[in-house]
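Architecture and fold: a report
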Amino acid sequence: MSAAAPRARMIVDKAFKIAEVDQRIYGSFIEHLGRAVYGGIYEPTHSTADNFGFRNDVKQLVRELNVPIIRYPGGNFVSGYNWEDGVGPVDQRPKRLDLAWRTVEPNFVGTNEFMNWAKEVGSEVMMAVNLGTRGVDAARNLLEYCNHKGGSYWSDLRRSHGYEQPHGIKTWCLGNEMDGPWQIGQKTPQEYGRLAYETGKAMRLVDPSVELVSCGSSSTGMPTFPEWEAITLDHTYEVADYVSLHQYYGNRDNDSANYLARTMDMEHFIRTVTATCDYIKAKKRSKKTMYLSFDEWNVWYHSNDADTQIEPWSVGPPQLEDVYNFEDALLVGSMLITFLRHADRVKMACMAQLVNVIAPIMTENGGRAWKQTIFYPYLHTSIYGRGVSLQPIVDSPVYDAQDYTDVPYLDSAVVYNEADEEVTIFAVNRNLQESLDLECDVRGFEGYRLVEHIVLEHEDLKAVNTAAEEKVKPHSKGTAICKDGYVNARLSKASWNVIRLKKEHSN
Ligand code: AHR
């Protein structure tokens, strides 16, 4: 390797185990919002539509991402949703005003149709219940409708709707962002804690096998963070299995070095929520460990101005349609790396969202579907990031940004897939001016050889993909070599890297 690039060193070893990666950290989210459902996954007049009206071209892209779990039906939408509106004969379903997004909800797609779609794309569903305008009764009825075998009012109603077998939905969110003033039916932490506890208690009586997510803060910027977690978990600790975290970032002041350091905030968020959970655990003398469900995360800011111009009360308007650029893909890669480094506590995470609405997949109504820039780091981690997350010991040069100091240029995570005898190094070079020479000690992985070094790079941080042209896409011409127990690679300036190693067997 020729001289003069800054250097970073890493040591990777099987013994430095953080935890088995829970595949549900590669989850996503479909909300009844904008064109996520109507014009996104569902468009009966589209040339690729199946018998239920779902677009096959979109299904194909979702399958490619191998999404293990999808949160549904909201989001802010769920806090005003009557789930009963979305079941039974479609022509008898009411049209309702959705106050969260000021649209008309036609209820063409509801619980059963979504469960069908999710099965088709190979995903489980994380169902949210309405704790905004509703409560214990609606939640326990929905669970009975979905999960009870039969012989009761709600389960027999499901059967009469043509779904003989229960859906068996395992994971349930106890409301959404109940700390937010924008939420329909916002609660104080005491009000939410009591309601969530009683709802969870009733739900467990219907089906003891469910896993429940207690609402955490809507972002680190909330004035009630982290007091919200401390008070609500005091109520819900014994009934819930996870607490939720939500966070979106944006490069509003066009300071890319600072923007790429935003995962320092995410680190702080995860550490603070973990500490708060453990404080409640100690306070309650509980043996149970609370896990984290980062069930909304992404970049969200490009569409903010356009959204103020949208006329209210239509079906499927183009809301939250962020067009992602190359630097967004780098930050998304770093966010995924952050989840991997916290694999011991973050067990679920949902990229918000999946189609059209702040999403890796975009569609035209009646037309094409394509991959946004952020599709790629999501794809790579979802495909190659399954196994055990290993703690890399990293020595990297650092920089200071507007809001953060000592930001390592090298942001990395490592996953060891023992069954497939593969090791994958995920790395972002945050340096916007220079490449970074990485030397990684992998002597603990004797007999491993390089499979490929995938790189996502682009001269223009603001480059975007459109239906007509995919400007930002990965190549496999990275410089990594693996020799004598060391991987050496030159990581291009501002790049996302996936370095794949596999054990070589002679014969
Ligand atoms: O994902 C978009 C919105 O962001 C969700 O509806 C809400 O929960 C969050 O504020």
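Fair warning: this is a prediction, and the values are worked out from it, not measured in the lab.

Here the focus is the packing of aromatic side chains. Inspection of the entire model under this criterion finds 22 aromatic pairs. On the numbers, 4.8 Å between centres and 40 degrees between planes, the contact of F77 with Y81 is tilted. Judged on exposure class, the residue F77 and its partner Y81 are both buried. Seen from their ring centres, Y399 and Y409 are 4.8 Å apart, and the 20 degrees between their planes marks the pair as stacked. Remark: Y409 occurs in the loop between β18 (407-408) and β19 (410-417) and Y399 occurs in strand β17 (residues 398-399); sequence separation between them is 10 residues.

A rise of 1.5 Å per residue sets the reference length of helix α3 (residues 136-147), with its 12 residues, at 16 Å; its end C-alpha atoms lie 16 Å apart and thus fit the reference within 8%. Counted residue by residue, α3 has nine buried out of 12 residues, so it is predominantly covered. Taken together, the buried positions of α3 are occupied by A138, A139, N141, L142, L143, E144, Y145, C146 and N147. On its buried face, α3 is in contact with α2 (111-121), β7 (124-129), α4 (153-160), β8 (171-174) and α5 (189-206).

Split by domain assignment, the chain resolves into domain 1 (7-15 + 389-503) and domain 2 (25-384). Placing a centre on the C-alpha atoms of domain 1 and another on those of domain 2 gives a separation of 30 Å. On the side of domain 2, 36 residues touch domain 1, which itself brings 44 residues to the contact. The junction of domain 1 with domain 2 conceals about 3300 Å² of combined surface from both sides, 64% of it contributed by carbon and sulfur atoms. When residues of domain 1 are sorted by the area they lose upon contact with domain 2, Y404, A467 and W496 head the list and together hold 19% of the total. On inspection of domain 1 and its partner domain 2, the count reaches three salt bridges. Its salt-bridge partner being E327, residue K462 comes within 2.7 Å of it at the nearest N-O pair. Connecting domain 1 to domain 2 are 19 residue pairs in polar contact (both at pLDDT 80 or more). The set of elements that each furnish at least two residues to the side of domain 1 that touches domain 2 consists of β18, β19, β20 (422-429), β22 (448-456) and β25 (495-503). Residues belonging to the side of domain 1 that touches domain 2 are distributed by class as follows: 23 nonpolar, 10 polar and 11 charged.

Taken as a whole and judged by the stated rule, the model has 38 salt bridges. When the shortest N-O distance is used, the salt bridge between K59 and E120 registers 2.6 Å. With a gap of 61 residues between them, K59 in helix α1 (residues 56-65) and E120 in helix α2 connect regions that are remote in the sequence. By relative accessible area, E120 is classed as partly exposed at 39%. Connected through salt bridges with shared partners, the residues E267, R271, R341, D411 and R430 form a single ionic network.

We now examine the pairing of β19. In terms of residue burial, β19 counts as a mostly covered element, since eight of its eight residues are buried. Residues L410, S412, V414 and Y416 point to one face of β19 and D411, A413, V415 and N417 to the other, with burial holding for every one of them. Direction of pairing for strand β15 (residues 388-390) relative to β19: antiparallel, over a ladder of three bridges. Within the sheet, the bridge partner assigned to S389 lies in β19 and is V415. Here eight bridges tie β19 to β20, and the two strands are oriented antiparallel to one another.

According to the stated counting rule, one finds three cavities of 30 Å³ or more in the structure shown. There is about 100 Å³ of room inside the largest cavity. Every residue lining the largest cavity is counted, 14 residues in all, and those nearest its centre are Y81, W83, A128, N130 and L142. Here the residues of the lining of the largest cavity sort into 11 nonpolar, two polar and one charged. Within this model, the second largest cavity holds a volume of roughly 80 Å³. In terms of lining, the second largest cavity is formed by 13 residues, of which the most central are H32, L33, G34, T103 and E105. A per-element tally of the lining of the second largest cavity places strand β6 (residues 103-105) first, with three residues. Its residues assigned to classes, the lining of the second largest cavity comprises seven nonpolar, four polar and two charged.

This next bit is on the environment of L142. Residue placement: L142 occurs in helix α3. L142 sits 59 residues away from W83 along the chain, and the two C-alpha atoms are 7.3 Å apart. Apart from residues lying up to four places away in sequence, L142 is in contact with W83, T111, M127, V129 and W172.

The next point concerns the nonpolar core. In this structure, W117 and W172 are the most contacted members of the largest nonpolar core, which totals 153 residues. The leading source of residues in this core is helix α10 (residues 326-341), at 10 residues. In this view, W117 contacts I30, I41, F54, K59, V62, I70 and L354; residues no more than four positions away in its chain are not counted.

Moving on, we get to the site of the ligand. Contacts to the ligand come from 13 residues, most closely from E31, N76, E177, Y248 and E296. Between the ligand and E177 there is a distance of 2.6 Å, counted from an oxygen atom to a side-chain nitrogen or oxygen. Note that an oxygen atom of the ligand is positioned 3.0 Å from one of the side-chain N or O atoms of Q353. Burial of the ligand by the surrounding chains reaches 96%, relative to a free accessible area of 290 Å². Its residues assigned to classes, the shell around the ligand comprises six nonpolar, four polar and three charged.

For the rest of this paragraph, the subject is the pairing of strand β24 (residues 486-491). What you see with β24 is a clean split: V487, A489 and L491 sit on the buried side and Y486, N488 and R490 on the side with no burial. Pairing geometry for strand β21 (residues 436-441) and β24, over six bridges, is antiparallel. Residue D437 lies in a different strand from β24, and its bridge partner there is R490. Note: strand β23 (residues 481-483) against β24, three bridges, orientation antiparallel. By the bridge assignment, C482 is partnered in β24 with V487. In this structure, the hairpin formed by β23 and β24 is closed by a connection of two residues, where D484 is found at a positive phi of approximately 50 degrees.

What counts and what doesn't
- Residues numbered from 1 in each chain as written.
- Predicted model: local features only at pLDDT ≥ 70, side-chain atom pairs only at ≥ 80, totals over all residues.
- Heavy atoms only, no water.
- Phe/Tyr/Trp six-rings, centres within 6.5 Å; stacked < 30°, edge-to-face > 60°.
- Buried < 20%, exposed > 50% of the residue type's maximum accessible area, 1.4 Å probe, protein only.
- Helix = DSSP H or I, 4+ residues; strand = E, 2+ residues; numbered from the N terminus.
- Expected span 1.5 Å × (residues − 1).
- Contact = heavy atoms within 4.5 Å.
- Domains from an automatic or database assignment.
- Buried area = accessible area lost by both parts, 1.4 Å probe.
- Salt bridge = Lys/Arg side-chain N within 4 Å of Asp/Glu carboxyl O.
- Polar contact = N/O pair within 3.5 Å; in protein donor to acceptor, adjacent residues only side chain to side chain.
- Nonpolar A, V, L, I, M, F, W, Y, C, P; charged D, E, K, R; others polar.
- Pairing = 2+ DSSP bridges.
- 1 Å grid on protein atoms, 1.4 Å probe; cavity = no way out; pocket = protein on both sides within 12 Å on 5 of 7 lines; lining within 4 Å.
- Points joined across faces, edges and corners; volume = space filled by probe spheres on them.
- Core = buried A, V, L, I, M, F, W, Y, C linked by side-chain atoms within 4.5 Å.
- Near = heavy atom within 4 Å.
- Areas by Shrake-Rupley, 256 points an atom, 1.4 Å probe, with all protein chains shown as cover.

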